[in-house]
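# Coordinates in review
Okay, here's what each chain looks like letter by letter:
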Amino acid sequence: MPIPVVLILACALLWQTIWSAMYPRTHPGAEDLTEPPSAASIRVSSLDESVAYAKLMNLTLQAHDNQPGISLPFRHLDYVRIEAWLGRILELDPTGQYPLLAASRLYGTVDDPVRQRRMLDFVQRQFLADPNQRWQWMAHAAYVARHQLRDLPLAARFAESLRLHATSRQVPAWARQMEIFLRADMNEFDTARVLLGALLASGQVTDPSEYRFLAGRLTELETRRGPAGK
Amino acid sequence: MSYLPGTSTIARFALVEALRGKLALAVVAVAVLGLGVALFLGEMAITEAARIQGTALAAFNRMAAALLVVSFVISGISREQADKGLEMLLAQAIPRASYVIGKLIGYTLLAWLAALVFCAPLLIFAPALNVAAWGISLALELTLVAAAALACSLVIGQSALSMLMVAAFYTLSRVMASILAITSSPVGSIGSPSFKTMGWFMGGLAALLPGFDRFASAAWLWEGSAVWSHLPALLIQFVIYLPLLAGVALFDFYRKDL
């Protein structure tokens, strides 16, 4: 083995390592989130592996707020585009739960009511497309509306949506009952009482303990309502 | 070339083989095909037709040029090995380095010619200076790709496997910045051993691969004079990486018992 060959290889390897360390693969400054590619172009470019592409889009979007060298607060992100990305991902991969988790538990935690509402509205729209598979995100949206936005009517609207659309037996009872307690919190005792009475009468509550608890709540609502009603 | 006799002859024959064979025809045909597709896209565009055409054509030409150069280099070396032409050449009184360096020079010239052909149609859509900067970058990228194909063919010896290796090398070099951005995301279990291991592995790999993500971007066609500011870093990368690939090829070539 000629010594110059070994020297060339060793020196070039050393220089490449030093160069990579000196000039890392980063993009200086924040990059704007672009519009997501269209579903048709994704299908073509992914050779019809659109679900796999959608999974990668999740990671790409998630990585956007933490670009090399900088970490962007959620409030600095373009939520219109984020919503477009999340919508596109769900369009390509309708059974994926990742975009709804990101919308409700990641981007929905932003300290900005306008952006927060945008994410909650997105969750509600997507929930309506497949209520029995996406009910948990709607329930979380109701929680965010109630405890973070302190918007009881919005929370009640979400909970009503849950009760009306998430009808599968896989959906737990507490999710369908959420509206009753929210209505009670809003002093809408009549509505809460009617809903609770209907629930007990429907026979959907089969657990004796749960039945006793809800019946107790119904009695309490009857008491609060008073003789004249609310 | 007094220290490496025969180098210029080997280089000349490598280039002549390409020009007389079907590669020249394939390069022109693909360039024309790309132009046709770009013109078709322009018919569909409501606005920014030139930008859409130029950008799409640049991206297409870059990928097509790399594929053509790689396939030519690998098939040429494989054919030479199969025909025992390599053994015959090495039986002459020329050092092994002459063969590698000669081939590298020939393929470098070939890469530059291909870059020139693939650049020409872009002049219809984008400013000449921007096309020139893009073309220089493409020539550097194609030279490195050709050198990688040469090294892989000599080291591996099987054309299909060599093609796979070069495709992986090229793809990873182009997307490594995005992969690193994703692996540095704070969301998720970043403390897990698998995430850390993968992060280290990717970091190590990124240090060894050339930064093709910085080469010949289609966006350069519309950057004005700022496009030239990209080139110095690319030249440094080229000057470092070409000897590295040549070194790999030479090291293995001298090691082999031929």
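Rules behind the numbers
Residues numbered from 1 in each chain as written. Chains lettered and ligands numbered in written order. Predicted model: local features only at pLDDT ≥ 70, side-chain atom pairs only at ≥ 80, totals over all residues. Heavy atoms only, no water. Helix = DSSP H or I, 4+ residues; strand = E, 2+ residues; numbered from the N terminus. Buried < 20%, exposed > 50% of the residue type's maximum accessible area, 1.4 Å probe, protein only. Contact = heavy atoms within 4.5 Å. Lys, Arg positive; Asp, Glu negative; His and termini not counted. Charge placed at Lys NZ, Arg CZ, Asp CG, Glu CD. 1 Å grid on protein atoms, 1.4 Å probe; cavity = no way out; pocket = protein on both sides within 12 Å on 5 of 7 lines; lining within 4 Å. Points joined across faces, edges and corners; volume = space filled by probe spheres on them. Nonpolar A, V, L, I, M, F, W, Y, C, P; charged D, E, K, R; others polar. Axes fitted to C-alpha atoms, helices over the stretch in contact; angles between N-to-C directions. Parallel < 35°, antiparallel > 145°, perpendicular 65-115°, else oblique. Left-handed = near helix turned anticlockwise from the far one by under 90°. Polar contact = N/O pair within 3.5 Å; in protein donor to acceptor, adjacent residues only side chain to side chain.

With that settled, the discussion passes to the overall build of chain A. Along the backbone of chain A there are 11 helices and zero strands. What you see in chain A, going N to C, is helices and strands ordered as α-α-α-α-α-α-α-α-α-α-α. Overall, chain A is about 100 × 35 × 35 Å in size when its C-alpha atoms are taken along their principal axes. Burial statistics for chain A: of 230 residues in total, 43% are counted as buried. For chain A, the share of sequence-separated contacts (at least 6 apart) that also reach a separation of at least 24 residues comes to 65%. For chain A, the distance from the average site of its 25 positive side-chain charges to the average site of its 24 negative ones is 4 Å.

What follows deals with the layout of surface pockets. Residues and elements named next belong to chain B. When its volume is computed, the second largest pocket comes out at roughly 460 Å³. Taken together, the elements giving at least two residues each to the lining of the second largest pocket come down to α6 (128-156), α7 (159-183), α8 (193-208) and α9 (231-255). For the lining of the second largest pocket, the class distribution of residues is 18 nonpolar, no polar and no charged.

Residues and elements named next belong to chain B. Between helix α2 (residues 23-44) and helix α5 (residues 96-119), the least distance of the axes is 9 Å, while the angle of their chain directions is 25°. Considered as vectors, α2 and α5 are oriented roughly parallel to each other. Taken as a pair, α2 and α5 cross one another with a handedness that is right-handed. Across the interface between the two elements, Leu23, Val27, Val30 and Ala31 of α2 pack against Leu110, Val117 and Phe118 of α5. Across the contact of α2 with α5, the residue classes break down as seven nonpolar, no polar and no charged.

Residues and elements named next belong to chain A. The full count for this structure, using the stated rule, is one cavity of 30 Å³ or more. Here the largest cavity is characterised by a volume of approximately 50 Å³. Contributing to the lining of the largest cavity are Asn58, Leu61, Gln62, Leu86, Ile89, Tyr98, Ala102, Leu106 and Tyr107. If you list the elements that add at least two residues to the lining of the largest cavity, you get α3 (50-64), α4 (79-92) and α5 (98-106). By residue class, the composition of the lining of the largest cavity is seven nonpolar, two polar and no charged.

Here we take up the side chain of A:Arg176. All names here are of chain A. On the secondary structure map, arginine 176 appears in helix α9 (residues 173-185). On the accessibility criterion, arginine 176 (16% relative accessible area) is buried. Of note is the side chain of arginine 176, whose polar atom sits 3.4 Å from the backbone oxygen of serine 168. A polar contact of 3.0 Å, which involves the side chain of arginine 176, links it to the backbone oxygen of valine 171.

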